[in-house]
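Examination of the molecular architecture
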Amino acid sequence: MGTKGVTGPLRIPDSVVHLQLDHCSYCSGSLTDADIQTVKIRVIEDIPEPQPSKVVEYRTSVYKCPHCRQTCEATDPATSLPGSFGPHVYTKTIINSFVRRLPLRKVSEAFLDDYRLEISPATLLTIQNRGTTRFEDCYTSLLTKVPQLDIVHIDETSLNVDGENWWVWEFTSKKFCVYVINESRGQTVLQKVIGSSFKGVAVTDRWKVYNTIRFPFRHIQFCWAHLTRKFEEFAPNNQDANTFLEQLRTLYHQAKQAVDEDPPEKKREELWVTFDGALSDLINRYMIISLNSTSSSAFKFQKALEYFINGHPNWLTFILVPGLESTNNRAERDLREVVILRKIKECLRSETSVHTLELFLSILKTARMKQLQLEEFLYKGLTGQTNPEFTFDS
């Protein structure tokens, strides 16, 4: 039967080309007096042929004002950036490096193939780093907005920086994402980004550093995906753990179904009390079972239960907060971009490259989440035509 075909919407043509014949393609007879039987219409969308780069000499007039005696000079968007390459080159370099995830060697080859423009990988690295200067205010704005979010998902992954293990921290919500790369996986980064003024809800895994922030009760949601994986590791070899996991999943799905109906605040409070009580009973019952068990996997089961207990009462915050997700899958999905880039780049060599990566990952991810046209957004930001700021919503 095959896969069902998908046809996109027809685009409005930019131009119309009339295809006509002067002579018959079979007998070569003249068609000057022949009637046109019908006109077949076919819309074709194509891309322009690769164009060579343009080299333009700009002669900038410098004036001394006769009124205020200040020196001023003419400007053009093409001359707004340092060096001998224009904003389109900067834009393509950033897109190819951080969106299409090409190594600098491949970016260099793409410029040569598409535009007959020779740029070395070292020069492309300089272009990347210079490009950050136009978006520093934008990146800073993203950072300052994190403590104001109603809901923020937080996760981290490792990154090789000049042979040392650094960490990429991600703070994301539905339409907003910011990355911070730091040597530390400890509380220093959290305190710097989240601070003490955070009043929203943080969705995280059970990495111990999140406990040091001392989120007030009901202001943190631990990830259920991490929780179930803890038990899935050994549940097939432990009947008690397997039964516990089945009952845990049943309780979880019942809680999810209850909040999917979007109950009012008072009802949410009642649901939380009900499910928290059921959860506590389930944990206590199986903790006693694990302590009395002599099976080889009983110790692992007990440790997983302790992991569960230490996260209490922050497993059911999603019942209390409308729109709160019960897993940290959102952050893990967004962090995959970093994981893929890590495999491509293998290692960053300087703190300058570290900042370039965190800045462009942040603004490009947020721009895409807000459905902005990336090349237009970058070009206008690089040339100073618009202030590359975002509007923020949690």
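Please refer to the structure higher up on the page.
Throughout what follows, the structure given in this document is the object of discussion. Each chain has its residues counted from 1, running along the sequence as written. Only residues with pLDDT of at least 70 get local features here, since the model is predicted, and only at 80 or more are side-chain atom pairs given and counted; chain-wide, interface and lining totals rely on the full set of residues. By convention in this description, side-chain values take in all heavy atoms of the structure and omit both hydrogens and water.

1. A word on the packing of aromatic side chains
So the rule is basically this: Planes of paired rings set the category: under 30 degrees apart is stacked, over 60 is edge-to-face and the rest tilted, where pairs are Phe, Tyr or Trp rings (Trp by its six-membered ring) whose centres lie within 6.5 Å. The secondary structure listing takes helices from DSSP runs of H or I that are at least 4 residues long and strands from runs of E that are at least 2 residues long, numbered from the N terminus. Accessible area is worked out with a 1.4 Å probe on protein chains only. A residue is then buried under 20% of its type maximum, exposed over 50%, and partly exposed in between.
Counted by the stated rule, this structure contains 18 aromatic pairs. Note on Tyr-252 and Phe-318: the rings are 6.0 Å apart at their centroids and 65 degrees apart in plane angle, and the pair reads as edge-to-face. Here Phe-318 lies in helix α11 (residues 317-320) and Tyr-252 lies in helix α8 (residues 239-260), a separation of 66 residues in the sequence. Look at Tyr-252 and you get buried, because its relative accessible area is 16%. Residue class for Phe-318 comes out buried when judged on its relative accessible area of 2%.

2. As for helix α7 (residues 224-232)
An α-helical turn contains 3.6 residues, so any two residues separated by three or four positions project in the same direction. Put simply, the rule is: Any pair of residues with heavy atoms lying within 4.5 Å of one another is described as a contacting pair.
Turning to α7, its buried residues number three or more, namely Trp-224, Ala-225, His-226, Leu-227, Thr-228 and Phe-231. Against β7 (220-222), α8, α9 (265-292), α10 (298-310), α11 and α12 (329-345) lie the buried residues of α7.

3. Describing the pairing of strand β4 (residues 164-173)
This is how the line gets drawn: What makes two strands pair is DSSP finding at least two bridges between them.
Of all ten residues in β4, eight are buried, a share of seventy percent or more. Across nine bridges, the pairing between strand β3 (residues 151-161) and β4 is antiparallel. If you follow His-153 over to β4, its bridge partner there is Thr-172. Sheet analysis places β4 next to strand β5 (residues 176-182), joined by seven bridges and oriented antiparallel. Along β5, the bridge assignment pairs Thr-172 with Cys-177. Where β4 hands over to β5, the hairpin turn is made up of two residues, counted between the paired strands.

4. Overview of the side chain of Asp-155
Applicable threshold: Under this rule, positive means Lys or Arg and negative means Asp or Glu; His and the chain ends count for nothing. Definition used for salt bridges: Asp or Glu carboxyl oxygen within 4 Å of a side-chain nitrogen of Lys or Arg.
Within the fold, Asp-155 resides in strand β3. Buried Asp-155, no salt bridge; nearest opposite-charge side chain is Arg-185, N-O distance 6.3 Å. Setting aside residues up to four positions removed in sequence, Asp-155 forms contacts with Val-168, Trp-169, Glu-170, Asp-205, Tyr-210, Asn-328, Ala-331, Glu-332 and Leu-335.

5. A closer look at the pattern of salt bridges
Any two side chains of opposite charge can pair, so long as their charged atoms come close to each other. Evaluated as defined, the whole model comprises 15 salt bridges. Two residues, Lys-365 and Asp-334, come together in a salt bridge whose shortest N-O distance is 3.2 Å. Note that Lys-365 is positioned in helix α13 (residues 351-369) and Asp-334 in helix α12, a separation of 31 residues in sequence. On the basis of relative accessibility, which here comes to 23%, the residue Lys-365 falls in the partly exposed class. Given a relative accessible area of 9%, Asp-334 falls into the buried group.

6. Structural notes on the sheet that holds β4
Across a sheet, strands are paired by hydrogen bonds formed along the backbone, either parallel or antiparallel in direction. Rule in force here: In this analysis an axis means a line fitted to C-alpha atoms, helices contributing only their contacting stretch, and an angle means the value between N-to-C directions, from 0 to 180 degrees.
If you trace the five strands from one edge of the open sheet to the other, you get β5-β4-β3-β6-β7, paired in mixed fashion. Strands at the two margins of the open sheet, each flanked by one partner only, are β5 and β7. Going from strand to strand, the sheet's axes swing by 25 degrees on average, the running direction of each strand aside.

7. Overview of unusual backbone geometry
With omega at 15 degrees, the peptide bond leading from His-312 into Pro-313 counts as cis. The residue Pro-313 is located in the loop between α10 and α11 in this model. Located in the positive-phi region is Arg-69, a residue other than glycine, with phi close to 65 degrees. Take Arg-69: it is sitting in the loop between β1 (62-64) and β2 (71-73).

8. Some remarks on the packing of α9 against α10
So the rule is basically this: These descriptions rest on fixed angle ranges, namely under 35 degrees for roughly parallel, over 145 for roughly antiparallel, 65 to 115 for roughly perpendicular, and the rest for oblique. Crossing handedness is read from the near helix: turned anticlockwise from the far helix by less than a right angle, it gives a left-handed crossing, and turned clockwise, a right-handed one.
Where α9 contacts α10, the two axes come as close as 9 Å, and the packing angle between them is 155 degrees. With respect to α10, the element α9 is oriented roughly antiparallel. α10 is crossed by α9, and the crossing has left-handed handedness. Across the interface between the two elements, Leu-279, Ile-283, Tyr-286, Met-287, Ser-290 and Leu-291 from α9 touch Ala-298, Phe-301, Gln-302, Leu-305, Glu-306, Phe-308 and Ile-309 from α10.

9. Considerations on the packing of α8 against α10
It is the contact of α8 with α10, at a shortest axis distance of 10 Å, that shows an interaxial angle of 25 degrees. Overall, the two elements α8 and α10 adopt an arrangement that is roughly parallel. For the crossing formed where α8 meets α10, the hand is left-handed. Contacts from Asp-240, Ala-241, Phe-244 and Leu-248 of α8 reach α10 at Phe-301, Leu-305 and Phe-308.

10. Digging into a nonpolar patch on the surface
Worth spelling out the cut-off: Only residues whose relative accessible area exceeds 30% and that form no salt bridge are eligible for patches; like-charged ones are grouped when within 9 Å, while nonpolar side chains (Val, Leu, Ile, Met, Phe, Trp, Tyr) are grouped when within 5 Å. Using a 1.4 Å probe, accessible areas were evaluated by the Shrake-Rupley method; residue-level cover was limited to the displayed protein chains.
On the surface, a cluster of nonpolar side chains totalling about 610 Å² of accessible area is made up of Leu-10, Ile-36, Val-39, Ile-41 and Val-43. When its relative accessible area of 63% is taken as the criterion, Ile-36 is described as exposed.

11. With respect to the environment of Phe-198
With respect to the helices and strands, Phe-198 occurs in the loop between α5 (187-193) and β6 (201-204). In sequence terms Phe-198 and His-219 are 21 residues apart; their C-alpha atoms lie 9.4 Å from each other.

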